[in-house]
Amino acid sequence: MPYGLSRACLAIGLACSLSSLVFACTSEKEAIAPSKALFEFAKPTNFPEPIYTFESNPITEEGFRLGRKLFFDPILSSDGSVSCNNCHIQSNAFADAQQHPFSVGVDNRIGKRNAPPLMNLAFMKEFFWDGGVTHLDFVPINAIESDVEMNETLAEVIKKLNAHPEYPMLFEEVFGSEEVTSPFMLQALSQFMLMLVSADTRYDRFQRGVGEELSTEESIGLQLFKEKCANCHQGELFSDFSYRNNGIGTTDKDPGRSAITDTESDFGKFRVPSLRNVALTAPYMHNAKFATLEEVMDHYDRGVVDSPTLDPILKNEGILGISISEDEKKSIIAFLRTLTDHAFRLDSRFQNP
């Protein structure tokens, strides 16, 4: 779901209530705990406070399961061929497959941007590369109504769900009404997506002091990362979620953030992505320009292209980019690989039921 503000978002804005969560963050050990514990919110100790609102959409086991069923169901698309899972695959931290640099929708239509991973969404205030949606409940509308993704209308999806032999009963169990409505559908999807918390990496265990140690090269990489990368990739989410032009020199004329703000100074700016699970989410950048982390390092070292909106961090005294030696690149990449959450990518809760 890589696009900005959907034409339907404002139409249902008043109808779709602010949502909340009681979501689980589990380690590999907790994954075998009693069912109830899997649906209780426990903020990772090294994470900031969640941003998603809690009061009107508390996560329940039934709501989570309903959202998961919808996430994997191609009924959301016009021809029954595309589900959310088509572009958000668990083994890739819910990013797209590496052989799909851009989303592939109905009739094999090709999208315009690389589909970002879905994880730690409760801690984000804006979504998509351009930040065009400001509440998680609105996010699925973009994929549903995009003509190069699901190519459907929200009204038609609701019609199909109401006529389905199972969904009205499932919605009644969760929301107390067997009538399927767009706010209920979107809240159910949010309940599933909010549970996609990734916080059990080697780095996290090292930070929490629970027996994990980093190798010498990984420790050097962490220090280099703090010096050369952390201006943008800040904190435990590894992003400040700002919008920046990082000098990739695109020729596709994608306006980026300026399509949302209608401001020329935002042309070519895109949201700084989280680097959690970055080793799983290639290709990189909104236009999938780089296939490997090595290519990303080379870009910042010697590939930055100047432009009027280039981020000032990448242009110091007329010198473009960030000086990174070959040995430093290897150490930084070694550290970045410690941000892979294998428990998250294998968690059976998130698999197609």
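All residue numbers refer to position in the chain's written sequence, counted from 1. Reporting in this predicted model follows two pLDDT cut-offs: at least 70 for local features of residues, and 80 or more for side-chain atom pairs to be given and counted; totals over whole chains, interfaces and linings ignore these cut-offs and use all residues. The basis for every side-chain value is the complete set of non-hydrogen atoms in the structure, without hydrogens or water.

### Considerations on the confidence of the model for the protein chain
- For the protein chain, mean pLDDT is 90; residues scoring 70 or higher make up 89% of the total.
- A low-confidence stretch, residues 1–34 (pLDDT under 50), is modelled with 126 contacts involving residues beyond four sequence positions or located in other chains. pLDDT runs from 0 to 100 and stands for how confident the predictor is about each residue. We call two residues in contact whenever any of their non-hydrogen atoms come within 4.5 Å of each other.

### A look at the packing of aromatic side chains
- Aromatic pairs are defined between Phe, Tyr and Trp rings, using the six-membered ring for Trp, whenever the two ring centres lie within 6.5 Å; interplanar angles under 30 degrees are classed as stacked, those over 60 as edge-to-face, and all others as tilted. Tallied over the entire structure, the rule returns 20 aromatic pairs.
- With 4.9 Å between their ring centres and 45° between their planes, Phe-71 and Phe-192 make a pair best called tilted. Of this pair, Phe-71 sits in helix 2 (residues 61–71) while Phe-192 sits in helix 6 (residues 182–194); the two residues are 121 residues apart in sequence, bridging distant segments of the chain.
- Since its relative accessible area comes to 0%, Phe-71 is described here as buried.
- Connected via pairs of aromatic rings, a cluster forms that spans Phe-39, Phe-64, Phe-71, Phe-72, Phe-94, Phe-192, Phe-344 and Phe-350. Comment: elements are numbered from the N terminus, with helices defined as DSSP H or I runs of at least four residues and strands as E runs of at least two. Only protein chains enter the accessibility calculation, which uses a 1.4 Å probe; a residue is then buried when its area is under 20% of its type maximum, exposed when over 50%, and partly exposed in between.

### Considerations on the pattern of salt bridges
- Salt bridges are defined as contacts in which a side-chain nitrogen from Lys or Arg sits within 4 Å of a carboxyl oxygen from Asp or Glu. Counted under the stated rule, the structure contains 24 salt bridges.
- In this structure, Glu-61 and Arg-65 form a salt bridge, with 2.7 Å as the shortest nitrogen-oxygen distance. Of the two residues, Glu-61 and Arg-65 are both situated in helix 2; the distance of four residues between them amounts to about one turn of the helix.
- Residues joined by salt bridges that share partners form a network here, namely Asp-200, Arg-202, Arg-205, Glu-212 and Glu-218.

### Topic: unusual backbone geometry
- Residue Pro-283 is bonded to the preceding Ala-282 through a cis peptide linkage, with omega at 0°.
- Unusually for a residue other than glycine, Asn-108 sits at a positive phi of about 60°.
- Tracing the sequence through the fold places Asn-108 in the loop between helix 2 and helix 3 (139–145).
- Non-glycine residue Asn-277 carries a positive phi angle of around 60°.

### Some words on the nonpolar core
- What we call a nonpolar core is a set of buried Ala, Val, Leu, Ile, Met, Phe, Trp, Tyr and Cys residues that are connected through their side-chain atoms within 4.5 Å. One finds Leu-66, Leu-70, Leu-161 and Met-185 to be the most contacted residues of the largest nonpolar core, which totals 59 residues.
- If you list the elements that add at least two residues to this core, you get helix 2, helix 3, helix 4 (154–162), helix 5 (167–175) and helix 6.
- Looking at this core, the element that brings in the most residues is helix 6, giving seven residues.
- Ignoring any residue separated from it by four or fewer positions in sequence, one finds Leu-70 in contact with Leu-76, Leu-161, Tyr-167, Phe-171, Met-185, Ala-188 and Leu-189.
- By size, the runner-up hydrophobic cluster in this structure holds 28 residues, among which are Ala-282, Phe-290, Val-296 and Ile-333.

### Some thoughts on helix 6
- Helix span, expected: 1.5 Å multiplied by one less than the number of residues in the helix. Between its terminal C-alpha atoms helix 6 stretches 18 Å, which fits the 18 Å expected from 13 residues at 1.5 Å a residue.
- The element helix 6 is extensively covered by neighbouring structure, given that 12 of its 13 residues are classed as buried.
- Of the residues making up helix 6, those classed as buried are Ser-182, Pro-183, Met-185, Leu-186, Gln-187, Ala-188, Leu-189, Ser-190, Gln-191, Phe-192, Met-193 and Leu-194.

### Digging into the packing of helix 5 against helix 6
- With axes taken as lines fitted to C-alpha atoms, and helix axes fitted only over the stretch in contact, angles between N-to-C directions fall between 0 and 180 degrees. It is at 11 Å that the axes of helix 5 and helix 6 come closest, and there the two elements cross at 75°. In this view, helix 5 runs roughly perpendicular relative to helix 6, as classed from their interaxial angle. Contacts from Phe-171, Val-174 and Phe-175 of helix 5 reach helix 6 at Phe-184, Met-185, Gln-187, Ala-188 and Gln-191. Roughly parallel here means an angle under 35 degrees, roughly antiparallel means over 145, roughly perpendicular means 65 to 115, and every remaining angle is called oblique.

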